[in-house]
Amino acid sequence: AAYVAQVRRAVRPGGHVIVAAFGPEGPEQCSGLPVVRYEPGALHAQFGDSFELLDRLTEEHRTPGGAVQQFVYCHCVLH
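Residues numbered from 1 in each chain as written. Predicted model: local features only at pLDDT ≥ 70, side-chain atom pairs only at ≥ 80, totals over all residues. Heavy atoms only, no water.

**Q** Please give an account of the pairing of strand β5 (residues 68-78) that cites residues and values.
**A** Note on strand geometry: in a regular strand, side chains alternate between the two faces of the sheet. Counting buried positions along β5 yields eight of eleven residues, so the element is predominantly enclosed. Strand direction decides the pairing type here: strand β1 (residues 16-22) and β5, joined by seven bridges, are antiparallel. Each residue of the ladder has a partner; that of Val19, found in β5, is Cys74. (Buried < 20%, exposed > 50% of the residue type's maximum accessible area, 1.4 Å probe, protein only. Helix = DSSP H or I, 4+ residues; strand = E, 2+ residues; numbered from the N terminus. Pairing = 2+ DSSP bridges.)

Structural data, given as C-alpha cells:
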C-alpha cells in the first residue's frame with residue numbers, strides 16, 4: 001500500500017509506470033521472506049482505476065543458482 005501511495009504521489013497524469021512482481025507460479029519466499037504473488041490483472045488492480053493497463057508480460061527468470069522464478073510486469077499510464 002505504501003509503494004502504491006508513493007507512485008500516486010510521484011507520477012503525474014500522462015506518466016507511465018512499469019512495475020514487476022512475482023507471478024502466480026513464482027516462489028513463495030525470497031531471501032527467506034514471504035512474498036505476494038500476482039496475476040497481471042491483480043497487480044494492476046493494486047493501483048486503481050486511474051491507472052490504465054497498457055501492456056503486461058510474464059517472464060520465467062533463471063537465477064544464478066538454477067532455480068526458475070516467474071515474474072509479471074505491468075505497464076500503466078496515469079489518467
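**Q** I'd like a description of the environment of Leu54, backed by residues and values.
**A** Looking at where Leu54 falls in the secondary structure, it is placed in strand β4 (residues 51-62). For Leu54, a relative accessible area of 40% translates into the label partly exposed. In this view, Leu54 contacts His16, His75, Cys76 and Val77; residues no more than four positions away in its chain are not counted. (Contact = heavy atoms within 4.5 Å.)

**Q** Residues and numbers for the nonpolar core, please.
**A** Nonpolar side chains in soluble globular proteins generally cluster together in the buried interior. Counting 14 residues, the largest nonpolar core has Val7, Val17, Val19, Leu43, Phe47 and Phe51 as the members making the most contacts within it. Of all the secondary-structure elements, those providing two or more residues to this core are α1 (2-10), β1 and β5. Per-element tally for this core: the top contributor is β5, with four residues. Contact partners of Val7, with chain neighbours within four places excluded, come to Val17, Phe47 and Phe51. (Core = buried A, V, L, I, M, F, W, Y, C linked by side-chain atoms within 4.5 Å.)

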